[in-house]
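# Reading the structure
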Amino acid sequence: MQTRTVGSIMERDAYSCSSTATLKDVTKQLTELGVSSLPVVDGDGRVVGFISDGDIMRAIAEHKTRSIFSGGAPTMLYYDDETIEQKVLSLKDRNVMELATRKVLCVTENQSVGRVADTLAKKKFKKLPVIDDHGRLVGIIRRSSIMRYAFDLLFHATEDDDRA
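Residues numbered from 1 in each chain as written. Predicted model: local features only at pLDDT ≥ 70, side-chain atom pairs only at ≥ 80, totals over all residues. Heavy atoms only, no water.

### Quick word on the nonpolar core
- Within the largest apolar cluster, 16 residues are counted, with the highest numbers of intra-cluster contacts made by Cys17, Val26, Val40, Ile51 and Val96.
- The set of elements that each furnish at least two residues to this core consists of helix H1 (23-33), strand E2 (37-41) and helix H2 (53-60).
- Looking at which element gives the most residues to this core, the answer is H1, with three residues.
- When near neighbours in sequence (up to four residues on either side) are disregarded, Val26 contacts Cys17, Ala21, Ile51 and Val96.
- One finds Met10, Leu128, Val130 and Ile146 within the second-largest nonpolar core, a separate group that totals 12 residues. (Core = buried A, V, L, I, M, F, W, Y, C linked by side-chain atoms within 4.5 Å. Buried < 20%, exposed > 50% of the residue type's maximum accessible area, 1.4 Å probe, protein only. Helix = DSSP H or I, 4+ residues; strand = E, 2+ residues; numbered from the N terminus. Contact = heavy atoms within 4.5 Å.)

The following block contains the structure:
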């Protein structure tokens, strides 16, 4: 049996957002598309970041007082007294790259499905951008795509076993 590559099961029509987008634009896009994250691409289509609803949620969540212990007495770091409404409004015009992860783990089309499944499982990621040799976004590989592939293998193997 031949080892399948990511390119054979990935989604080629990957959603993404521009590195020049505002967080208002990105939030709207996430909501309208019904997705929880997007690769961020530059003007040449290269992946330069990754933004998720979790990144935005952390930025608007209520934070308690944080303390740093530096050997002796604790030093106050900050106290958050903004409401969620104030935080959301203060984010809307900020650039997506202010919250986006900049070190993005990407895969290529020629990587094996098994290797990528291992990466997704170990990192607890739901999806990874698929890039070409120049770092340009060419698709997305999702856990659900790998599971569909695995189920197809399982059901075809079962049908073949039943016929034997």
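Having seen the model, we can carry on.
### So, the sheet that holds E2
- Spatial ordering of the open sheet is given by E1-E2-E3, a layout of three strands whose pairing is mixed. Only two strands of the sheet have a single neighbouring strand rather than two, namely strand E1 (17-18) and strand E3 (47-52).
- Taken together, the two bridges between E1 and E2 define a ladder with parallel strand orientation. The partner of Cys17 across the bridge, within E2, is Val40.
- Across the sheet, H1 lies against E1, E2 and E3, angled at about 135° from E2, the strand it touches most. (Pairing = 2+ DSSP bridges. Axes fitted to C-alpha atoms, helices over the stretch in contact; angles between N-to-C directions.)

### Overview of the sheet that holds strand E8 (residues 137-142)
- Taking strand neighbours across the sheet as the criterion, the three strands line up as E6-E7-E8 in an open arrangement whose pairing is mixed. The open sheet has two edge strands with one neighbour each: strand E6 (107-108) and E8.
- For E6 and strand E7 (residues 127-131), the ladder comprises two bridges, and the chain directions are parallel. For Thr108, the partnering residue across the bridge sits in E7 and is Ile131.
- In the packing of helix H4 (residues 113-123) onto the sheet, contacts are made with E6, E7 and E8, and the angle to E7 comes to roughly 135°.

### Some words on a nonpolar patch on the surface
- The grouping of Met147, Phe151, Leu154 and Phe155 at the surface amounts to a nonpolar patch, some 400 Å² of accessible area in total.
- Looking at where Phe155 falls in the secondary structure, it is placed in helix H5 (residues 143-163). (Patch = residues over 30% accessible without salt bridge, like charges linked within 9 Å, V, L, I, M, F, W, Y side chains within 5 Å. Areas by Shrake-Rupley, 256 points an atom, 1.4 Å probe, with all protein chains shown as cover. Salt bridge = Lys/Arg side-chain N within 4 Å of Asp/Glu carboxyl O.)

### Brief notes about H2
- Along H2, the residues classified as buried are Asp55, Ile56 and Ile60. Projected down its long axis, H2 shows its buried positions confined to an angular sector of 125°, all on one face. Residues of H2 that are exposed and point over 90 degrees away from its buried face: Met57 and Arg58.
- Where the residues of H2 are buried, they touch H1, E3 and helix H3 (84-91). (Arc of directions from axis to C-beta.)

### Section: the pairing of E8
- The element E8 is largely enclosed, with a buried count of five among its six residues.
- Here five bridges tie E7 to E8, and the two strands are oriented antiparallel to one another. The residue bridging Lys127 from the neighbouring strand is Arg142, located in E8.

### Here's the deal with the environment of Asp13
- Here Asp13 is to be found in the segment before E1.
- For Asp13, a relative accessible area of 69% translates into the label exposed.
- Separated by 126 residues in sequence, Asp13 and Gly139 place their C-alpha atoms 6.1 Å apart.

### Here we look at the pairing of E2
- Among the five residues of E2, five are classified as buried, and the element is accordingly described as predominantly covered.
- With burial as the criterion, each face of E2 is covered, one bearing Ser37, Pro39 and Val41 and the other bearing Leu38 and Val40.
- Of the pairings in the sheet, the one linking E2 to E3 comprises five bridges and is antiparallel in character. Directly across from Pro39, in E3, lies its bridge partner Phe50.
- Here E2 folds back onto E3, and the loop between the two strands holds five residues, one of which, Gly45, carries a positive phi near 85°.

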